[in-house]
Amino acid sequence: MNAQPATRTAPTAGPLAGAVAAEWTKLWSVRSTWWTLLSAVLLSAAAAGQLAIYAANDNTNDDPADDRGIVTLGSVVIGSLELTQYAVLAIGLLAVTAEFGTGTLRTTLRCTPSRGRVLLAKAVVSGAVTFGAGLLLGGVGALVAGAVLGEWGDAPLGGTVRDVLASAAYLALVGVLALGLGAVLRSAVLTVIVLIAVLMIVPLSLQEPGIAVLTRIADGFPGVAGGHFLAGDADPYPPVVGLLLLAGWAAAALAAGRAALRHRDA
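An account of the accompanying structure is given in this report. (Residues numbered from 1 in each chain as written. Predicted model: local features only at pLDDT ≥ 70, side-chain atom pairs only at ≥ 80, totals over all residues. Heavy atoms only, no water.)

**Section: helix H3 (residues 73–102)**
Along its 30 residues, H3 runs 42 Å from first to last C-alpha, staying within 8% of the 44 Å computed at 1.5 Å per residue. Judged by how many residues are buried, H3 sits mostly within the fold: 21 of 30 residues are covered. (Helix = DSSP H or I, 4+ residues; strand = E, 2+ residues; numbered from the N terminus. Expected span 1.5 Å × (residues − 1). Buried < 20%, exposed > 50% of the residue type's maximum accessible area, 1.4 Å probe, protein only.)

Here it is as structure tokens:
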């Protein structure tokens, strides 16, 4: 008898890939994601336009002491993040806090019993979406800033692309940070409060007295580290160190979120 040829089976996606696909579907199937992105785009355009107006007015008013000269579009995009980041990071925190609020996380964990895998899948999806949103917001902000600044705007290709990519990377890491904190705190409102404190209020409070040791502590907070990365500062550390510090905060938040999910009921 002739031997039957071996049959080939189509490769199946791994457990993580399946969890990522499920989280991707859930994220885009709710209206809050679309409304969040729309509000972020509008907020980015408004913030970039406002900063560009300020720069143009400073150059054309009667006070020569505040003239800024030519302003790069990338610097306006980065400046607008101080406000727009809070709209984008909502994608990360709502990916987990919304499921706690509705109780659908129980269904998610029945489908994917590994809580670490669930959180990692959410982080992958949230990071990818917020990175893409950052690219979109950067492009919108640059277009608006260029239109408003006119002769006072400069758009070097390399520098503008670098600033837009850096902005997207910053937003992706902050989005993952928000996701991890949301898994720990379980409340969207409480997570936003803690995020504002960690990103802005606490480091500003440490910097305000002008005491060197407190300033150095503030330099380790995610918002300040991300700011040094975005600005390309060499002091107090190179930009890559700022990026690594921000990534470390995001990783620590994910680890805390994983521990919270493992030790508490959904």
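Next comes the rest of the account.
**What to know about the side chain of Ser 80**
For Ser 80, the position within the fold is in helix H3. Dropping the residues within four chain positions of it, Ser 80 is found in contact with Ser 44, Ala 47, Ala 48 and Leu 51. (Contact = heavy atoms within 4.5 Å.)

**Some words on the environment of Ala 255**
Relative to the helices and strands, Ala 255 is located in helix H10 (residues 239–263). For Ala 255, a relative accessible area of 47% translates into the label partly exposed.

**Section: the nonpolar core**
Counting residues in each nonpolar core, the largest one holds 36 residues, and the members touching the most others are Leu 89, Tyr 170, Leu 177, Leu 179, Leu 195 and Leu 230. If you list the elements that add at least two residues to this core, you get H3, helix H4 (105–111), helix H5 (115–149), helix H6 (157–185), helix H7 (188–207), helix H9 (222–231) and H10. Not counting residues up to four positions away in its chain, the partners in contact with Tyr 170 are Leu 81, Gln 85, Leu 199, Gly 223, Gly 226, Leu 230 and Leu 246. In terms of nonpolar packing, the next biggest core, distinct from the first, is built from ten residues, Ala 52, Ala 55, Val 71 and Val 77 among them. (Core = buried A, V, L, I, M, F, W, Y, C linked by side-chain atoms within 4.5 Å.)

**Quick look at the pattern of salt bridges**
All told, the structure shown has six salt bridges when counted by the stated rule. A salt bridge links Glu 23 to Lys 122, with the nearest nitrogen and oxygen atoms 2.9 Å apart. Residue Glu 23 is found in helix H1 (residues 15–28), and its partner Lys 122 is found in helix H5; the two are separated by 99 residues along the sequence. Residue classification places Lys 122 among the buried positions, given a relative accessible area of 2%. Among the ionic pairs, Asp 219 bridges to Arg 216, the shortest N-O distance being 3.2 Å. Judged by relative accessible area, which is 6%, Asp 219 ranks as buried. (Salt bridge = Lys/Arg side-chain N within 4 Å of Asp/Glu carboxyl O.)

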